[in-house]
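# Topology and contacts: notes
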Amino acid sequence: YRLGERRWCIGPDLYGEEVIWAETSFAGDRLPNSRDHSWRSSFGRPEVSITRCGCFIHQGVGLRAADLDDNSNPYVVCKVSGRHKLGFRTETRWKSLDPVWHEAQDLEGLELGETMYFKVMSQEEHKDDEFLGDAKLVVSPGGFNGGLVIMLRGRKAGTLRLELIVPPVFQDTSSVKKQPAVFDSSNPRDVVQAITWGTTEEAAHAVASLENILTSEGIRSRFVAAGIVQPLVSLLSDGSMDTRCKAAAALGNLGQCSVGKKILISSGGTQSLMQLFFEGTAYCKEESMAALLNIAPTEKVREELVAGGIVSWLLALLQSTSPKSLSHAIQLMGCLAEDQDVADNFMEASLTRLRQLLQDTNDDVRLQTAFAVSRIATADDRRQVLVEAEMVQPLNRLLKEGTYDCKAAAANAIGELANATDRRLLKKISAHLLEAEVLEPLLDLLGSHHDDCSSNASRALCILASTEKTGTAILERGALKPLVSLLKGKPQVSRILRVAKVLQALADFNRCSMDVALSQESSQQLMHNALNLLQEHRSKNLPTPRFLPAIGAGNDELFANVKMASPQMTIPRSKMKNARKIIQLGLDVSKIPTTLPPLHCV
């Protein structure tokens with residue numbers, strides 16, 4: 001193997017203490033023939049450093065078909081991040097989905113820690129070359145020999161088999177190993193090299209510096225592109241406990257980036273973080289849970305965590321006195337509750353504790369507890385148990401007294417409790433919720449400027465009004481006028497549509513009584529216009545402007561272009577008492593004005 005200018009390694013043990021190396025008068029790229037050129041061999045370590053890398057492209061397997069004849073004309077383009085002049089392009093292999101290249105490429109100057117990007121293209125004659133997928137590889141000690149998964153739009157699109165040769169670095173035995181004592185913490189490449197090649201102290205210092213650097217999405221993306229995720233994953237199992245904890249904290253920060261999240265999962269970060277959670281201190285547990293929360297929504301990660309036995313550890317942490325540990329453990333259990341067995345185990349083991357945590361003084365703990373309750377309440381049997389365990393009262397208190405985020409989570413939990421698939425259970429739970437006086441705080445949240453509060457309250461009210469009995473009970477409690485009053489003034493379109501959804505759910509069974517209740521006021525026009533607007537958005541998926549002028553009798557021109565969908569209107573006229581008279585008179589229902597006079601005037 002070539003060591004440098006006129007020097008070659010000809011020994012069998014490249015990675016041992018001693019190698020056999022040769023010095024020749026031939027300066028070419030191939031090992032010279034001894035009969036043509038003079039050469040001298042030596043035994044020991046040469047005084048040169050090997051910095052010349054090589055890449056051997058073997059073949060592609062299972063590539064995507066780009067042509068109509070189910071074939072492609074693939075070639076590979078390799079580029080190195082930040083090195084515009086370093087890279088190569090292979091020959092084109094025509095009409096093949098499993099091309100064989102066997103091409104060797106010289107990458108002189110390639111450095112450890114740099115990222116190589118491989119793009120597979122299909123050469124076309126009468127149009128632009130078509131993209132078949134890409135992959136990337138971080139240059140690490142020992143090189144690489146295997147298959148890279150080619151990704152296209154987040155899915156596997158084949159495999160690229162290659163070999164990256166990274167020779168070891170030899171130095172004279174008398175020389176002292178020199179390491180960079182200072183590095184630029186704002187330069188991603190410097191930080192990656194310090195973590196990968198620096199001393200233990202330098203690696204720890206580089207990891208600690210990330211805490212104050214990763215402050216924005218753009219900076220996170222730069223560090224992820226520099227290949228910092230994989231060295232940090234390696235530090236999770238190699239280093240002092242403090243360094244491992246700081247590496248977990250950095251991964252939790254980088255996991256907020258979508259690309260960083262994917263690399264963390266593919267590089268085995270789930271198992272490393274879970275191992276640190278099992279072995280580490282309380283601080284390590286907090287940081288590892290924070291990192292796992294970023295990747296826990298992925299189904300594959302949830303399966304790994306459940307199979308790894310983390311559930312029992314999280315249930316034990318519910319007795320912790322640390323608010324941060326509590327909130328992380330509850331939120332992670334809520335994510336894992338997508339698995340029905342985990343949800344059953346979670347509810348059986350911690351039902352009383354969840355009710356206590358909903359009344360905790362820490363807002364973050366109450367927020368995550370309400371989130372966990374909404375994740376548990378996804379099956380009718382668990383909904384019934386939660387209601388019977390008096391979980392509604394602390395949720396109702398959270399609706400009234402919590403922060404906006406807590407109120408939004410509580411409204412979502414109440415909506416999940418009421419959203420039973422069995423109609424009898426739906427009526428029973430809805431009646432219980434109305435008796436617990438959740439209607440008034442939900443109406444207040446519906447008019448909130450906090451989007452999550454308003455949206456979750458609208459959904460909960462629609463579920464409560466989905467049966468005739470509960471809809472009538474809501475109207476009897478005087479909910480109609482507060483609902484219509486939210487349409488006055490200059491409300492946002494999003495609020496109008498959310499209120500209109502609740503009015504539509506109530507009107508499905510009580511349209512006549514609602515018209516009579518509003519017949520003496522201009523509010524009847526407000527309700528009709530809001531329902532018409534809702535129908536228009538549902539039928540045509542219109543873009544939603546941020547504000548509308550005030551909706552009232554004097555602003556009818558606002559809805560001049562809003563027409564009822566044909567053949568059915570927002571509220572079927574067949575449910576109105578005067579519909580039979582209209583039909584008997586032979587009138588065209590579609591030509592009747594949208595806003596009818598009050599029923600007592602007919």
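All figures in this text were calculated on a predicted structure; none of them were measured in a lab. (Residues numbered from 1 in each chain as written. Predicted model: local features only at pLDDT ≥ 70, side-chain atom pairs only at ≥ 80, totals over all residues. Heavy atoms only, no water.)

## Side note on the overall build of the protein chain
A tally of regular secondary structure across the protein chain gives 24 helices and 12 strands. In the protein chain, once contacts between residues fewer than 6 apart in sequence are set aside, the share between residues at least 24 apart is 65%. About 29,900 Å² of surface is accessible on the protein chain, with carbon and sulfur atoms providing 50% of the total. (Helix = DSSP H or I, 4+ residues; strand = E, 2+ residues; numbered from the N terminus. Contact = heavy atoms within 4.5 Å. Areas by Shrake-Rupley, 256 points an atom, 1.4 Å probe, with all protein chains shown as cover.)

## Observations concerning helix H2 (residues 200-209)
Among all positions in H2, only Glu202, Ala203, Ala206, Val207 and Ser209 are buried. Around the axis of H2, the buried residues are gathered within 160 degrees of arc, so they sit on the same side. The exposed residues of H2 that point more than 90 degrees off its buried face are Thr200, Glu201 and His205. (Buried < 20%, exposed > 50% of the residue type's maximum accessible area, 1.4 Å probe, protein only. Arc of directions from axis to C-beta.)

## Digging into the confidence of the model for the protein chain
On average, residues of the protein chain carry a pLDDT of 77, and 77% of them reach 70 or more. Within the protein chain, the lowest mean pLDDT, 43, falls on helix H24 (residues 579-584), and the highest, 93, falls on strand E6 (residues 74-80). Every residue in residues 34-51 is under pLDDT 50, and counting partners more than four places away or in other chains gives 56 contacts. Confidence over residues 544-602 falls short of pLDDT 50; this stretch has 88 contacts with residues more than four positions distant or in other chains. (pLDDT = per-residue confidence, 0-100.)

## What to know about the pattern of salt bridges
A side chain with one charge can pair with a side chain of the opposite charge if their charged atoms come near. Counted according to the given criterion, the structure contains 17 salt bridges. Across the pair Arg498 and Asp451 runs a salt bridge whose closest N-O atoms are separated by 4.0 Å. Of the two residues, Arg498 sits in helix H22 (residues 493-517) while Asp451 sits in helix H19 (residues 451-464), which places them 47 residues apart along the sequence. (Salt bridge = Lys/Arg side-chain N within 4 Å of Asp/Glu carboxyl O.)

## Considerations on the packing of aromatic side chains
In total, this model carries three aromatic pairs according to the counting rule given. Plain terms: the ring middles of Phe278 and Trp313 are 4.9 Å apart, the flat faces sit at 40 degrees to each other, and that makes the pair tilted. Separated by 35 residues along the polypeptide, Phe278 in helix H7 (residues 269-279) and Trp313 in helix H10 (residues 310-317) bring together distant segments of the chain. Taken together, Phe277, Phe278 and Trp313 form an aromatic cluster joined through their ring pairs. When the ring centre of Tyr404 is taken as reference, the NZ or CZ atom of Lys407 above it lies at 5.5 Å. (Phe/Tyr/Trp six-rings, centres within 6.5 Å; stacked < 30°, edge-to-face > 60°. Lys NZ or Arg CZ within 6 Å of the ring centre and 35° of its normal.)

## Focus on the layout of surface pockets
Here the largest pocket is characterised by a volume of approximately 1,200 Å³. In terms of lining residues, the largest pocket is bounded by 39 residues, among which Ala135, Lys136, Met151, Ile263 and Ser266 are the most central. Where the lining of the largest pocket is concerned, the elements lending two or more residues are E6, strand E9 (115-122), strand E10 (130-138), strand E11 (144-152), helix H4 (229-235) and helix H6 (258-266). Ranked by residues supplied to the lining of the largest pocket, first place goes to E11 with six residues. Across the lining of the largest pocket, the residue classes break down as 19 nonpolar, 13 polar and seven charged. (1 Å grid on protein atoms, 1.4 Å probe; cavity = no way out; pocket = protein on both sides within 12 Å on 5 of 7 lines; lining within 4 Å. Points joined across faces, edges and corners; volume = space filled by probe spheres on them. Nonpolar A, V, L, I, M, F, W, Y, C, P; charged D, E, K, R; others polar.)

## Notes on the environment of Thr92
Tracing the backbone through its elements, the reader meets Thr92 in the loop between strand E7 (83-89) and strand E8 (100-108). For Thr92, the contacting residues outside a window of four places in its chain are Asn73, Pro74, Tyr75 and Gln123. At 3.5 Å, the side chain of Thr92 and the side chain of Arg89 are in polar contact. (Polar contact = N/O pair within 3.5 Å; in protein donor to acceptor, adjacent residues only side chain to side chain.)

## What to know about empty space enclosed by the protein
This model, assessed by the stated rule, comprises four cavities of 30 Å³ or more. Taken together, Ser448, His449, His450, Asp451, Ser454, Gln492, Ser494, Arg495 and Arg498 make up the full set of residues lining the second largest cavity. At the level of secondary structure, the elements contributing two or more residues to the lining of the second largest cavity comprise H19 and H22. Looking at the lining of the second largest cavity, the element that brings in the most residues is H22, giving three residues. Classifying every residue of the lining of the second largest cavity by side-chain character gives no nonpolar, six polar and three charged.

## Details of the nonpolar core
Judged by nonpolar contacts, the single largest core of 130 residues is most densely connected at Ile228, Leu232 and Leu395. Counting residues per element, this core draws most heavily on H22, which supplies 11 residues. With residues up to four places along the chain from it excluded, the contact list for Leu395 reads Leu358, Ala370, Val373, Ala410, Ala413, Ile414 and Leu417. Grouped together as the second largest cluster of nonpolar side chains are 29 residues, Ala135, Val139, Ile150 and Val166 included. (Core = buried A, V, L, I, M, F, W, Y, C linked by side-chain atoms within 4.5 Å.)

## Quick look at a negative patch on the surface
On the surface, Glu299, Glu303, Asp339 and Asp341 cluster together into a patch of negative charge. The topology assignment puts Asp341 in helix H12 (residues 340-357). Judged by relative accessible area, Asp341 falls into the exposed class, the value being 60%. (Patch = residues over 30% accessible without salt bridge, like charges linked within 9 Å, V, L, I, M, F, W, Y side chains within 5 Å. Lys, Arg positive; Asp, Glu negative; His and termini not counted. Charge placed at Lys NZ, Arg CZ, Asp CG, Glu CD.)

## Topic: the packing of H7 against helix H8 (residues 282-295)
Where H7 meets H8, the axes come as close as 8 Å, and the angle between the chain directions of the two elements is 155 degrees. As far as their axial angle goes, H8 and H7 are roughly antiparallel. Crossing of H7 over H8 shows left-handed handedness. Contacts from Thr270, Leu273, Leu276, Phe277 and Phe278 of H7 reach H8 at Cys284, Lys285, Ser288, Met289, Ala291, Leu292 and Ile295. A class-by-class count of the residues in the contact of H7 with H8 yields nine nonpolar, two polar and one charged. (Axes fitted to C-alpha atoms, helices over the stretch in contact; angles between N-to-C directions. Parallel < 35°, antiparallel > 145°, perpendicular 65-115°, else oblique. Left-handed = near helix turned anticlockwise from the far one by under 90°.)

## So, unusual backbone geometry
Positive phi values are uncommon outside glycine, yet His102 reaches one of about 50 degrees. Examined against the element boundaries, His102 turns out to sit in strand E8. Positive phi outside glycine occurs at Glu390, with the angle close to 60 degrees. As for its placement among the helices and strands, Glu390 is situated in the loop between helix H14 (380-388) and helix H15 (392-401).

## Regarding the side chain of Thr243
Checked against the element boundaries, Thr243 lands in helix H5 (residues 241-254). With relative accessibility at 7%, the residue Thr243 sits in the buried group. With sequence-adjacent residues up to four places away left out, Thr243 is seen in contact with Ala204, Val207 and Leu235.

## Let's talk about the side chain of Asn73
On the secondary structure map, Asn73 appears in the loop between strand E5 (52-61) and E6. Setting aside chain neighbours within four positions, we find Asn73 in contact with Asp67, Thr92, Arg93, Trp94, Lys95, Met121, Ser122 and Gln123.

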